[in-house]
Amino acid sequence: MKNVFFLGLLLLTIGCTTKSRYTQQSPEIDTVKSIIGNYVNGEWDEYAAHYADGATIFFNTTENNPSSIQEIIAGQKLTIEPLSSYSFVRDKDELEMVETDEGETWVNFWGLWKGTIAASGETFEMPIHITSQFVDGKIVKAYGYWDSTPMTLALMELQQAAAVMEEAEMPR
């Protein structure tokens, strides 16, 4: 009977000391929150510093077309250039960290991005999902997904309207 009691106590102790593989609070989650702040504030050097050298990033692309952090930042600067404002609706953010069966650490971010086109005043909202793999406190791989089609089409319409106006003003 004594052995059964000690075996039960041992199993209970082992069960209670198992490391959690899911959390909503971690240094890695804090890093993702910092990256979002760096993006919104245009702090590109600080933004890049959260990524490991050689990190591979797949924002709206397949694994056949990875980008470096420098390429991502250049693209993000181009995207926000025609905007009068952009931000994340912070009370809509959801973050979690998981450890996979293989021992990999990933942080998932779901957020709502909001931007206003300067030339038209039109505002767009985009749900965004980014998942980032961490090694030694740095992002080594990231995947991001969002649909910017409505904003892209609005910008194309503005460009077409400007081209028509310019053509109409040219002397013949």
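Residues numbered from 1 in each chain as written. Predicted model: local features only at pLDDT ≥ 70, side-chain atom pairs only at ≥ 80, totals over all residues. Heavy atoms only, no water.

Q: Describe the nonpolar core, naming the residues involved and giving the relevant values.
A: Ranked by size, the top nonpolar core spans 34 residues in total, and within it Tyr39, Tyr47, Tyr51, Phe59, Phe109, Trp113 and Met151 carry the most contacts. Not counting residues up to four positions away in its chain, the partners in contact with Tyr47 are Ile35, Asn38, Tyr39, Phe59, Ile69, Ile72, Ile73 and Gln76. (Core = buried A, V, L, I, M, F, W, Y, C linked by side-chain atoms within 4.5 Å. Buried < 20%, exposed > 50% of the residue type's maximum accessible area, 1.4 Å probe, protein only. Contact = heavy atoms within 4.5 Å.)

Q: Quick one: what's the story with the pattern of salt bridges, residue by residue and with numbers?
A: Using the criterion set out here, one finds two salt bridges in the structure. Its salt-bridge partner being Asp101, residue Arg21 comes within 2.3 Å of it at the nearest N-O pair. Here the residue Arg21 occupies a position in the loop between α1 (2-16) and β1 (22-23), and Asp101 occupies one in the loop between β4 (94-99) and β5 (105-117), the gap between them amounting to 80 residues. For Arg21, a relative accessible area of 42% puts it in the partly exposed group. (Salt bridge = Lys/Arg side-chain N within 4 Å of Asp/Glu carboxyl O. Helix = DSSP H or I, 4+ residues; strand = E, 2+ residues; numbered from the N terminus.)

Q: Explain the pairing of β5 residue by residue, including any values.
A: Successive side chains on a regular strand alternate, one facing one side of the sheet and the next facing the other. Here β5 lies mainly inside the structure; eleven of its 13 residues are buried. One ladder, built from six bridges, connects β4 with β5; its direction is antiparallel. By the bridge assignment, Leu95 is partnered in β5 with Phe109. What sits between the antiparallel neighbours β4 and β5 is a turn of five residues, in which Gly103 has the positive phi angle 85°. Pairing between β5 and strand β6 (residues 123-135): twelve bridges, direction antiparallel. What sits directly across from Trp113, in β6, is Met126. Connecting the antiparallel pair β5 and β6 is a turn made up of five residues, with Gly121 showing a positive phi of about 75°. (Pairing = 2+ DSSP bridges.)

Q: Which residues make up the side chain of Glu96, and what values go with them?
A: With respect to the helices and strands, Glu96 occurs in strand β4. Put simply, Glu96 is tucked away with no salt bridge, and the nearest opposite charge, on Arg21, sits 12 Å away. Sequence-distant contacts of Glu96, defined by excluding residues within four places in its chain, comprise Tyr22, Thr23, Gln24, Ile29, Trp106, Val107, Asn108 and Trp110. (Lys, Arg positive; Asp, Glu negative; His and termini not counted.)

Q: Describe the environment of Gln25, with residues and values.
A: With respect to the helices, strands and loops of the structure, Gln25 is situated in the loop between β1 and α2 (27-40). When its relative accessible area of 71% is taken as the criterion, Gln25 is described as exposed. Separated by 72 residues in the primary sequence, Gln25 and Met97 have C-alpha atoms spaced 7.6 Å apart.

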